[in-house]
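# Chains, contacts and geometry: an overview
Spelled out from the first residue to the last, the chains are:
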Amino acid sequence: MKPVKQIRIPACYMRGGTSKGLFFKLEDLPSAAQQPGEARDKLLLRVVGSPDPYAKQIDGMGGASSSTSKTVILAKSQQREHDVDYLFGQVAIDKAFVDWSGNCGNLTAAVGAFAIYSGLVDPARIPHNGFASVRIWQANIKKTIIAHVPMVDGEVQECGDFELDGVTFPAAEVQIEFVDPADGDGALFPTGQLLEQLEVPELGSFTASMINAGIPTIFLDAAELGYRGTELQEEINNDPQALAKFEKIRAYGALKMGLIEQLEQAAQRQHTPKVAFVARSQDYLSSSGKAIKATDNDLCVRALSMGKLHHAMMGTAAVAIATAAAIPGTLVNQAAGGGEREAVRFGHPSGSLKVGAQARYQNNRWQVDKVSMSRSARILMEGWVRVPSDSF
């Protein structure tokens, strides 16, 4: 057997919101992986430890969940009035597949800090104390995001007392603004309907609101699915029939939203769209055993990512939730009690999250100007990641 050496690549392992992943500077990647394509995908798959038929990612940096099988590539921005270009790759666990079709809102919270640490932000734009407003170009969806990163004595402040449900330890608060998060042509509702019936052969008809803000999302009524809206991960993820049902609904929703042209294409677009189900706010125990009161929230939301119920809430899905909640007539708005609103607080499996949205009706359609939320981020490890030289 011909000996194979490992190569080492500068990398940073970071938590952002309720996710974590590998962060790379584009210029640090091997030359073959500095361009989109097979070499890049193979490299990231090997780094994370996929595909893994055991679904554990033991021989890689992934954590065997959709929240921890993630990669980020950053570079100085090629866009005017932006600091950094941010490209996100969602790595499948048991398949040789990297999905580039959407953003990760949670890891967005770590992009600003990594950009500053890596010298990708002009030092003149970084205050010695206060907040550095890092202008991020989200390359997957071609949208602007502003991360307000706290600075103390010229350094990023990572530690603090901000608590985020789904994250065990407190940290410094990072405010994130998603600017004009709707689809590129401004179509918040790809089908033109705020509320409609989604027909799924052999499963039936489901009341749905399908929106494209932050990330394409299909919202369903928990009661129609036979759920309460307070389910925790094991109640869904340990039920293969339920997961297959959600995946079939997701595929037909993707087709109706115009995200795919053939039904079978949904299998190669696992990251988008998301599927979520909503219910009126009610009492329940979070996954940590914390008592969540009905009065704590406006509604309950559960969302699936990469075929499994998420342990908390994807940041991009939170953008979709806030936007839909702000628009009277959607399923999310109805679950939240109806009426106009500029912020919503929803319950998820790990607790609660408040998100603000500025939506308006103009030129005979709804538009959203900005969605904002607070997250936190922290470097977990920095140095080099090693991969076999023949893996890409």
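Residues numbered from 1 in each chain as written. Predicted model: local features only at pLDDT ≥ 70, side-chain atom pairs only at ≥ 80, totals over all residues. Heavy atoms only, no water.

### Looking at the side chain of Gln90
Note that Gln90 resides in strand 4 (residues 84-91). A relative accessible area of 0% places Gln90 in the buried class. (Helix = DSSP H or I, 4+ residues; strand = E, 2+ residues; numbered from the N terminus. Buried < 20%, exposed > 50% of the residue type's maximum accessible area, 1.4 Å probe, protein only.)

### A word on the environment of Gly105
Topologically, Gly105 is positioned in helix 2 (residues 105-117). On the basis of relative accessibility, which here comes to 1%, the residue Gly105 falls in the buried class. Along the primary structure Gly105 and Arg40 are separated by 65 residues, whereas in three dimensions their C-alpha atoms are 22 Å apart. When residues no more than four places from it in sequence are discounted, the contact partners of Gly105 are Phe178, Gly315 and Thr316. (Contact = heavy atoms within 4.5 Å.)

### Remarks on the layout of surface pockets
Reported here for the largest pocket is a volume of approximately 740 Å³. For the lining of the largest pocket, the elements supplying multiple residues, two or more each, are strand 4, helix 4 (233-237), helix 5 (240-256), strand 13 (274-280), strand 16 (299-305) and strand 17 (308-309). The element best represented in the lining of the largest pocket is helix 5, accounting for five residues. A breakdown of the residues in the lining of the largest pocket according to their chemical character gives 15 nonpolar, eleven polar and six charged. Considering the residues around the second largest pocket, the lining is formed by 17 residues, among which Arg15, Val167, Thr168, Phe169 and Leu380 are closest to the centre. Sorting the residues of the lining of the second largest pocket by element identifies strand 2 (19-25) and strand 21 (377-388) as the ones contributing at least two each. Within the lining of the second largest pocket, the residues separate by chemical class into six nonpolar, eight polar and three charged. (1 Å grid on protein atoms, 1.4 Å probe; cavity = no way out; pocket = protein on both sides within 12 Å on 5 of 7 lines; lining within 4 Å. Points joined across faces, edges and corners; volume = space filled by probe spheres on them. Nonpolar A, V, L, I, M, F, W, Y, C, P; charged D, E, K, R; others polar.)

### Some thoughts on the packing of aromatic side chains
The relation between two aromatic rings is expressed through the spacing of the ring centres and the mutual angle of the planes. For the coordinates displayed, the defined rule picks out five aromatic pairs. With 5.5 Å between their ring centres and 50° between their planes, Phe23 and Phe114 make a pair best called tilted. Of this pair, Phe23 sits in strand 2 while Phe114 sits in helix 2, placing them 91 residues apart in sequence. Exposure class is identical for Phe23 and Phe114. Each is buried. On the basis of an interplanar angle of 15° and a centroid distance of 6.0 Å, the ring pair of Tyr227 and Phe246 is categorised as stacked. Of this pair, Tyr227 sits in the loop between helix 3 (222-225) and helix 4 while Phe246 sits in helix 5, placing them 19 residues apart in sequence. Assigned by exposure class, Tyr227 and Phe246 land together as buried. The ring centre of Trp384 lies 4.0 Å from the NZ or CZ of Arg8, which sits over that ring. (Phe/Tyr/Trp six-rings, centres within 6.5 Å; stacked < 30°, edge-to-face > 60°. Lys NZ or Arg CZ within 6 Å of the ring centre and 35° of its normal.)

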